[in-house]
Structure formats: structure tokens, C-alpha cells
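Chains, contacts and geometry: an overview
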Amino acid sequence: MATTLPAPSFARADAEAPWRPTADAAAESRLAELIRRADADDLEDLQARAVRDPAWFWGAAVEDLGLRWQRPWSSVLEPPRGAPFARWWSGGAFNHAVAATEPWAERTADAEALAWEGEDGEVRRLTFGELDRAVRRASAMLAANGIGEGTRVGIFLPMLPETAVAVLALGRLRAVFSPIFSGYAAPAVATRLRAFEATHLLTADGFRRRGGIVELKATADAAVAEAPSVGRVIVVRRLNGAGSPEAGRSVPWDELRDRWWDEGLPEASSPEADGPPVPATDPETPYMVIYTSGTTGAPKGTVHVHGGFPIKAADDLAHTFDLRAGDGLFWFTDLGWMMGPWAISGALLLGARVVMYEGAPDFPDPGRLWAVAARHRATHLGVSPTLVRALLVHGTEPVRSHDLSALRVLGSTGEPWNPDPWRWYFETVGGARLPIVNYSGGTEVSGGILGCNVLRPIRPTSFNGPCPGMAADVVDAEGRTLVGAVGELAIRAPWPGMTRSFWPGGAAEDERYLETYWARQPGLWVHGDWALRDGDGFWYLHGRSDDTLKVAGKRVGPAEVEAAAVAHPAVVEAAAIGVPDELKGEAIVVLCVVRRDARVAPEELAHEVTALVVRDLGKPTRPAAVVAVPELPRTRSGKIMRRVARAAWLGLDGGDISALENPAAVEAIAAVAATRG
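All residue numbers refer to positions counted from 1 along the written sequence of the respective chain. Note on the predicted model: pLDDT of at least 70 is required for a residue's local features to be given, and 80 or more for side-chain atom pairs to be given and counted; whole-chain, interface and lining totals, by contrast, use all residues. Excluded from the side-chain calculations are hydrogens and water; all other atoms, namely the structure's heavy atoms, are used.

**Quick word on helix H17 (residues 558–565)**
In this scheme, a residue with accessible area under 20% of its type's maximum is buried, one over 50% is exposed, and one in between is partly exposed, where area comes from a 1.4 Å probe on protein chains only. The way it works is that DSSP assigns letters per residue, a run of H or I at least four long becomes a helix, a run of E at least two long becomes a strand, and they are numbered from the N terminus. Of all 8 residues in H17, 6 are buried, a share of seventy percent or more. The complete set of buried residues in H17 reads Pro 558, Ala 559, Val 561, Glu 562, Ala 564 and Ala 565.

**Concerning the pattern of salt bridges**
For side chains of opposite charge, pairing can occur when their charged atoms come near one another. The term salt bridge refers to a side-chain nitrogen of Lys or Arg lying within 4 Å of a carboxyl oxygen of Asp or Glu. The full count for this structure, using the stated rule, is 46 salt bridges. Among the salt bridges present, the one from Arg 375 reaches Glu 117, with a minimum N-O distance of 2.7 Å. Note that Arg 375 is positioned in helix H12 (residues 368–375) and Glu 117 in strand E3 (residues 112–117), a separation of 258 residues in sequence. Arg 375 sits in the partly exposed class, given a relative accessible area of 44%. The residue Asp 221 makes a salt bridge to Arg 257 at a minimum N-O spacing of 2.8 Å.

**Points about the confidence of the model for the chain**
For the chain, mean pLDDT is 92; residues scoring 70 or higher make up 94% of the total. pLDDT runs from 0 to 100 and stands for how confident the predictor is about each residue. Every residue pair with non-hydrogen atoms within 4.5 Å of one another is taken to be in contact. Taken together, the stretch residues 1–6 has pLDDT below 50 and engages in 19 contacts with residues farther than four places along the chain or on a different chain.

**Notes on the sheet that holds strand E29 (residues 585–594)**
Pairing within the open sheet is mixed, and its 3 strands lie in the order E28-E29-E30. Each having just a single partner strand, strand E28 (571–581) and strand E30 (625–628) make up the two edges of the open sheet. Neighbour to neighbour, the strand axes of the sheet diverge by 25° on average, direction disregarded. With 10 bridges joining them, E28 and E29 adopt antiparallel strand pairing. Residue pairing in the sheet places Ile 577 in a bridge with Val 589 of E29. A pair of strands counts as paired when DSSP detects no fewer than two bridges linking them. Axis lines are fitted through C-alpha atoms, for helices just across the contact stretch, and the angle between N-to-C directions can take any value from 0 to 180 degrees.

**Considerations on the packing of helix H13 (residues 385–392) against helix H15 (residues 419–429)**
At their nearest, the axes of H13 and H15 sit 10 Å apart, and the two run at 75° to each other. Taken together, H13 and H15 sit at an angle that is classed as roughly perpendicular. Counting all contacts with H13, which are made through Val 388, Arg 389, Leu 391 and Leu 392, the residues of H15 involved are Pro 421, Trp 424 and Tyr 425. For the contact of H13 with H15, a count of residues per class yields 6 nonpolar, no polar and 1 charged. In these notes the angle categories are as follows: under 35 degrees is roughly parallel, over 145 is roughly antiparallel, 65 to 115 is roughly perpendicular, and the rest is oblique. Each residue gets one of three labels, nonpolar for Ala, Val, Leu, Ile, Met, Phe, Trp, Tyr, Cys and Pro, charged for Asp, Glu, Lys and Arg, and polar for the others, Gly among them.

**Structural notes on the side chain of Thr 292**
Here Thr 292 lies in the loop between strand E12 (286–291) and strand E13 (301–305). When sequence neighbours within four positions are dropped, the list of residues in contact with Thr 292 reads Pro 299, Lys 300, Thr 302 and Thr 443.

**So, unusual backbone geometry**
Note the cis peptide between Phe 363 and Pro 364, where omega equals 5°. The residue Pro 364 is located in the loop between strand E15 (353–357) and H12 in this model. Note that the residue after Trp 503, namely Pro 504, is joined by a cis bond; omega there is 5°. Turning to its location among the elements, Pro 504 is positioned in the loop between strand E23 (487–491) and helix H16 (507–517). One non-glycine residue, Arg 174, lies in positive phi territory at about 60°. Mapped onto the elements, Arg 174 comes out in the loop between helix H7 (161–173) and strand E6 (176–179). Backbone geometry places Thr 461, a non-glycine residue, at a positive phi of 70°.

This is how it looks when you write it as C-alpha cells:
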């Protein structure tokens, strides 16, 4: 933990950075305020001290956030079992749900806390005062249904106001919830409920998606039939509420097991409406278990605690994204992805508004995402690079027909960028005036490892540094720091948001946790991403190391191949997959999605994309095939699923594909592969 990483030299990089902070904006940022409060010389000094002394940094950062603690801590960091099992905030008491609602209900009761829009255009808003009351009433209802400290609850809901209320109400009760992607089919839901041994499930009667109805309750019932631990299902009325066109529609129901959410809520004027009292909460108390999707093996249940994930989320939003009280955060996500709980807890802890949207980003027209951002005056908008690539084909008009003047920061996460979509996002959505805060970390991290702060210039597709407090490094096989060469992304010091092993804990899961992150380099968290830090201090990701292609003994990151492919003007997005090859061991196939208006013959496309890959990466990486496909399989959060694309191309079992936004892409790729023999 005593390593000092080399400082960047951003002064040399300004000419290549299309975004640079103004002196006034930088000085007024939350990160600049943290530097002043911590009595650091500058950002480089702050980061170097954070690497040497993580307890010092996180103590200073949390003081700067101004969070409400039930009891002050006596010690920030205690690693009695070493860095992998560090304990935080000993002696203190912190409940994330109390801290996210009560202080703001007292200070700014009439300020908006949550804005929600349904795909059908319905809008609901809650002030901090209303949100606090809703959370208290929900906690009373949930307690009456047998939920208390340590109760395991699955949340299988789309992004609704009740979703945020449920997260906070369960936090007050010190229950543990597991968020489940609302697009999963029953087998994937059942797998997670069984692994978690959930006793309760929160779901909805259904929701709207692309003009149709998703029968969520029917899916939930099928999942619960395969998860015998679940004894109570609590159902939110999304479609059966008063005034809804679907009011009175039939919903599958088990009278002994099922309960309506709203029918159990106490009257607002009753003594029960305040909910059960919230005892002092040990910051190491688990509150959430998120299952990673993983490319191989069983999903891992990452364990997060009150004093971990929410604090890391709030810190990143404040000091990386410059989110302030009164700002509006709209991150297009689902609760089942890390960014859902991250947005809810992190933004509300800072007194910011959370903007939630139920539907598809391009329904009923390609301007819907921008319309939601404009209508709710979002100041911070977060999307994935894949979503940008999907929307840019519609041109600039769907963006420019909406007033996005309230935006102050653009965010992105999920995968590496390529230059053209990055520039489109920067110029068309941000008007060439807003920073793109590129952000990468993971479910098990509680947020970001790398980001873009608002104190330094930003180059296209880059990160301009680690997220404040993260002791990130790029290392070789011996754990030595690399500059100017691709290596493994690693972390040299613990942080509060680390997963506390894997659920349900114990020796076997602890060993699995150590093997997953800590075994490759003693004392280092190795994250599984290929990364590069250049001599000017900019960082770049080159894809997952477990996605790495190995062609004739040479390791190639798929993102590098894909970046070369999408440099072709006809290619919107690409996926590089490895296929068996007798000579090389593995050969590269590039699957390309071509622009609708492109006029390029298949042979011409293959020749030109191959030339671009060879130009950028060398002859050994020459693709065995370059093929146009209608679409690539991706999750609703926008992440391209290369393993699924590879399985479809090779005619293999792709495993669980229930998380896909577009399962038809699998059949389409298989059909193209079949035509090639």
C-alpha cells in the first residue's frame, strides 16, 4: 500500500483534448473543494496520498460529502485479515436509507427527489418530504409481511417510483435485497432466488415495453415455482392502478402467498405510517447482494454493506461526476444492473434528483431518450457506448429537437468507446461544451475504478485518471507498473465499496473471492480488464482479459479489433470473436452491423475492414472473416455479449440469454453463419 504512482503530465495533452475545463468551473467543482478541505496541493497530491494512506483519503472524502451518521466512527479502516477483508468505519453507525432521506426531508422537504416517466407518458414526481413518508409507510407494510433484519428479499421490478421506495424501505428494516433484471425470463430469476435463498419477492403486475405489455407477474410466478424458499410475493400495481387503461385486467394470483403493495400500506395519518424505528446500523451490515452475469461459471453474489456501496456511489457521483444537491441524474439503466442501485442511493445521499424511465430509449421514436432528459431537466445523463451507436444512425434531428440546455455532464459506462460515436455524443448531444465522464469499474467495486474528472482535459474515448481515492494501476505479469503498454488493470489499496466476499460467505466463498480477484498478484486486486496508461496520463481500456483472443500465440483484445472495424464509415458497431483454427489455434471473425444507408458490397466490406485491422494491429491479426449481421446480441444496458455471438456463430449453446434486449440477434447470426457453410 506504499506504492506511489507516476503523476500525469496533462499540460502536454491540451492540444489533443476537445474538452478542457474553464478555470472558474474547475475551481468551483466538488473535487476542487475536496482538495482544499484535505489540504492537498493538487489532484496529483490527493491521489498519491490516497494510495499511501487510504484511511486518510476516505475519512476526508466522507467528511466532505456531509453524510448523516447515526454514530461517528472511531476508526476508518481496519484490515485484521489483510486488504481483501478490510473493515470500514469501526465504532460508527450508518444506515444508507436513513441518510438518503431524513436529512433532505428536514432541510429541503419541498425539493424534488424523484421524477419518473412511464413509456406511455405517465409522469410521477416525489419531493424529499413525500419520498421520506413513502419510504416509512412502505417499511411498515414490509415489516407487517414478515420482513426484518437479515430477511432476504428479491426485487424483480422495472424502474418505478416504488422500486426506489422499496430499496430504501428495506434498508431501514436492515433487510438484504437482491436486484433482478426486469427483462430476465423465469429460469434466470429462479436461479438467483435459489442462490440467494430469498424468502420474499417484490414484483409488479406488469409493465410497458415498446408499446406492448410485459407480463411480469406471470414470469415471477414461474420463477417462484422453482424457488421453494419464497413464501410471500408482494405486487406493485403498475397496470392495474386506478385510471389505468388496463385496470381490472386479470392477474395470476395465489391468495395464500400474494399481496398487493398498496393494500398493505398504512394510512398516512396513522401512527404506523412512521414505520418501525431504525436502530443504529453497523456500517458492515449487508444490505444488497448483486449477482454478476459472468461469462463462465455460476453467477457470483457480490455482498455490499451500508457503509460500502452507497458511500462509494455518492463519492463517485460527487467527486467524479460533480453531482450536487438539486442536480438531476438520469442514468438509463435497470435496477438489476449495478447502475440502478448506484443512481438511487448515490444521488439521494447527495440531495440530488433521480430521474427514472420505464421504457425503451427509442420508442415510440428515436428521440425518446433525449425527450425524457429534456422534460425532466436532467443535468447529468448516463448511457452506454452501444446505445449511442444505436441512436446515432437516426442523425442529429432527434437530439436537436429537444432542449438539453440543462445538461452539465455526460456520462458513459459499460464498455470501451470507439472515436466516432464518442465525438457524436460530445458534439451532437453535448454541443461540444460538456465533459464526457467515461466511467468503468464493476458490480463488485460499487462503482468506478477509472473515470474522467472535471479538473483535467479529456481526450476522445479516454479516462483522464482513476476515480478519486482508487489506487488504480496497469501492471505486467509480475505486478510491475506499466506506462505506454497494455497490461492488467489492478488496484493497490482497499476501498469501502469492495464486495465483502461472495454470498453467502464462509470459507468456500471466501476462497472463491480471493481466487477471482486477489490470487494472480499478491496484494493486488486484478480486475480482469486490459488497460493502457499513456505518457500524458490518459487511460484506455482494451476489453476484458477473459475475452482476449489468442492468435498464433499473440494476445489481442477484441476491443482493439472492433475499434479498427468501426473506423470504416459503413460500420456502426462490431464484435470480434475467436473461432477454432487448425493452424493458428484461434482465428478472428469480425461481425459488423452496417449503416442502413450504406452502399457497400459484402466482398468490399470484408476487404476494407480487413485492411483497417491489419493497418492498426498488424498482419498476424488479419481476420479470417468479416461478415455483416443485422444486429449484435446485447443486454438492455447496452453491453455486447461476445460469448453469445460466438456461440451463435459456431452453433453452440449460448447458455442463459434471458438478459438480452434482442434475442432475435442470436438467430440472425446463426442464420448468417449457416449460409457460409
